[in-house]
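Okay, here's what each chain looks like letter by letter:
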Amino acid sequence: KGHVQVGAVAKDVSWYDRAQTPQENYSGDTWGYGVNLTGSLMPTDRIRLMGAFVTGKGVQNFLNDGTADIGVRTDPTNSVTSLYGDAIPFYSLMAASEIQLAERLSSTVAFSRIVNQTFDSQLNTAFESGNYFTLGLIHKPISNVSLGFEYQYASRQNTDFIGAPELGLSP
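*Asks:* How would you sum up unusual backbone geometry? Please name residues and give values.
*Replies:* With phi around 70 degrees, Asn 144 is a residue other than glycine that occupies positive phi space. Inspection of the secondary structure assignment puts Asn 144 in the loop between strand S8 (127-142) and strand S9 (145-158).

Structure, rendered in structure tokens:
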């Protein structure tokens with residue numbers, strides 16, 4: 001009738017500044033981690049409900065809706081590198097259903113949302129959150145042949161950049 005599953009991941013992320021100088025070196029590393037809770041439920045033989053919740057930081061690229069794992073932070077007290085990379089905290093959720101309407105006709109409905117907790121120093125083009133919704137109708141006229149129609153809606157919100165005056169960056 002269903003299942004629940006928990007997963008976790010941890011990873012070391014590093015980057016190398018190929019243009020480093022003795023005055024500026026933006027190489028670095030950080031840890032990313034995440035926890036995932038997924039499940040499905042079949043309340044009837046014709047309906048399957050699915051869901052997932054993921055949270056962590058620096059592991060967004062493991063998701064289909066994944067975005068940047070690392071963002072830019074500022075440290076005006078560091079005279080060598082006033083910018084440094086850090087894993088971006090985030091959460092994501094998904095809910096979906098598959099409904100068998102008739103022997104050869106089924107429907108799917110899905111919603112997903114991902115939210116990055118971006119840093120104040122990230123530019124206004126940095127991804128902050130996104131949503132998508134799909135509604136599908138699938139017909140199987142003969143065995144091993146499927147025809148479908150799907151409606152999709154997606155939205156994206158970028159970061160509300162407040163500026164970094166210590167670096168000469170303004171909104």
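*Asks:* Summarise the environment of Glu 150; cite the residues concerned and give the values.
*Replies:* Position of Glu 150 among the secondary structure elements: in strand S9. When the C-alpha atoms of Glu 150 and Thr 134 are compared, they prove to be 6.8 Å apart, with 16 residues separating the residues in sequence. For Glu 150, the side chain forms a polar contact with the side chain of Gln 152, separated by 2.7 Å.

*Asks:* Would you mind going over the pattern of salt bridges in detail, with residue names and values included?
*Replies:* Charged atoms that come close allow side chains of opposite charge to pair. Here the structure, examined in full by the defined rule, presents 3 salt bridges. Between Lys 11 and Asp 69 there is a salt bridge, with the nearest N and O atoms lying 2.8 Å from each other. Placement of Lys 11 in strand S1 (residues 2-15) and of Asp 69 in the loop between strand S3 (47-57) and strand S4 (70-74) is noted, with a sequence separation of 58 residues between them. The exposure class of Lys 11 is buried, given its relative accessible area of 16%. Note on Asp 69: relative accessible area 9%, which makes it buried. Its salt-bridge partner being Glu 98, residue Arg 48 comes within 3.3 Å of it at the nearest N-O pair. On the criterion of sequence distance, the pair formed by Arg 48 in strand S3 and Glu 98 in strand S6 (residues 89-102) is long-range, its members being 50 residues apart.

*Asks:* Can you explain the side chain of Asp 69? Please cite residues and give values.
*Replies:* Within the local environment of Asp 69, its side chain forms a polar contact with the backbone nitrogen of Gln 60, the two atoms lying 3.0 Å apart. Beyond its immediate chain neighbours, meaning those up to four positions away, Asp 69 contacts Lys 11, Gly 58, Val 59, Gln 60, Asn 61, Asp 86, Ala 87 and Ile 88.

*Asks:* Please give an account of the packing of aromatic side chains that cites residues and values.
*Replies:* Applying the stated criterion to the full structure yields 1 aromatic pair. With centroids separated by 6.4 Å and ring planes inclined at 25 degrees, the aromatic side chains of Phe 53 and Tyr 91 adopt a geometry described as stacked. Within this pair, whereas Phe 53 is found in strand S3, its partner Tyr 91 is found in strand S6, the two being separated by 38 residues in sequence. By relative accessible area, Tyr 91 is classed as partly exposed at 26%. Its end group placed over the ring of Phe 119, Arg 73 keeps NZ or CZ at 3.8 Å from the ring centre.

Parameters at a glance
Residues numbered from 1 in each chain as written. Predicted model: local features only at pLDDT ≥ 70, side-chain atom pairs only at ≥ 80, totals over all residues. Heavy atoms only, no water. Helix = DSSP H or I, 4+ residues; strand = E, 2+ residues; numbered from the N terminus. Polar contact = N/O pair within 3.5 Å; in protein donor to acceptor, adjacent residues only side chain to side chain. Salt bridge = Lys/Arg side-chain N within 4 Å of Asp/Glu carboxyl O. Buried < 20%, exposed > 50% of the residue type's maximum accessible area, 1.4 Å probe, protein only. Contact = heavy atoms within 4.5 Å. Phe/Tyr/Trp six-rings, centres within 6.5 Å; stacked < 30°, edge-to-face > 60°. Lys NZ or Arg CZ within 6 Å of the ring centre and 35° of its normal.

Such coordinate-based values are descriptive only and should not be taken to indicate function.
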